[in-house]
Amino acid sequence: MSDPVLYVIATPIGNLGDLSERAIRVLSQVDLIAAEDTRHSGRLMAHFNIKVPMISVHDHNESQRIELILKHLAKGHSIALVSDAGTPLISDPGYILVRSVREAGYRVSPVPGCCAFIAALSASGLPSDRFMFYGFLPAKRVSRVRTLNQWADETSTLIFYESTHRILDSLEDMIEVFGGAREAVVARELTKTFETIKLDTLASLLDWMKDDPNQQKGEFVVIVRGAPPRIDEEELDKKTLDMLALLATELPPKKAAALTSTITGANKKRLYQHLLDS
């Protein structure tokens, strides 16, 4: 490869067949592979007969590796950044490196592919038009509950990662904050032999996992349906807007909003704000 580039390459989250042809080609042609764990990625490279030197870049040495990687780029070398699984930087190291490489004036190019939370969301059956991805919740319960409370009224679909050791505790805390009747999905071992994607209420999901210890093993994506929209956040329908516009031609905005609210039940403040924004 002629021009120095840092390629951010997504790797399989389980099934090796998910590594794209382009990713294989780029990994085979770069001068260096920066891997979160060289032993883990080494097995992937061996499977595809990719024989490129590797260095480790993880949470504990990322800042120290920047100078070395910039030296390689200065020599015209191209480098591939990979994490243990999925897309680098998504709840994985790499942000500091990517930022530094861009600030140094070098090109950063994505080679897209697997991402666990996108894979889970696509098959979840929960709304996917608006979602908020948080990643791993805090390990300590007080911090975890505090974090979940920040999302209690969020109407977008919520997505979290969780580990084997905390999945039951996190579900219990979600029930406390969101309520046991809130619909959710637990996705585990995606693309692997024992892949499970289960849609139910939070309370039922917790009972199901407690009854089957096998379902408590693996890497988890937890997707929670957003909170029901408050009345003042609901979209105003066309009939209401038409009435509001007609009344506003004869009445001051506040009176037009108040009268429309009385007739339709729509929120008066929401109607008044719509007139101000129009």
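Quick note: structure is the one above.
Numbering of residues begins from 1 in every chain and follows the order in which that chain's sequence is written. A pLDDT threshold of at least 70 governs which residues receive local features in this predicted model, and a stricter bar of 80 or more applies before side-chain atom pairs are shown or counted, although totals over entire chains, interfaces and linings include all residues. Heavy atoms throughout the structure, all of them, feed into the side-chain values; hydrogens and water do not.

1. Here we look at the pattern of salt bridges
Okay, step 1: Should a side-chain nitrogen of Lys or Arg be within 4 Å of a carboxyl oxygen of Asp or Glu, the pair is scored as a salt bridge. Inspection of the entire model under this criterion finds 12 salt bridges.
Okay, step 2: Arg 39 is the partner of Asp 37 in a salt bridge, and the nearest nitrogen-oxygen pair spans 3.6 Å.
Okay, step 3: The cut-offs for exposure are 20% and 50% of the maximum accessible area for each residue type, with area from a 1.4 Å probe on protein chains only; residues under the lower value are buried, those over the upper are exposed, and the others partly exposed. Judged by its relative accessible area of 22%, Asp 37 falls in the partly exposed class.
Okay, step 4: Given the relative accessible area of 64%, Arg 39 is considered exposed.
Okay, step 5: Among the salt bridges present, the one from Glu 183 reaches Arg 225, with a minimum N-O distance of 2.8 Å. Here Arg 225 lies in the loop between β10 (220-224) and α9 (238-248) and Glu 183 lies in strand β8 (residues 183-188), a separation of 42 residues in the sequence.
Okay, step 6: Residue classification places Glu 183 among the partly exposed residues on the basis of a relative accessible area of 27%.
Okay, step 7: Residue class for Arg 225 comes out partly exposed when judged on its relative accessible area of 32%.
Okay, step 8: Each member of the salt-bridge network shares a partner with another, and the members are Arg 141, Arg 144, Asp 173 and Glu 176. In DSSP terms, a helix is any run of H or I states spanning at least four residues, a strand is any run of E spanning at least two, and both are numbered starting from the N terminus.

That is the geometry; function is a separate question.
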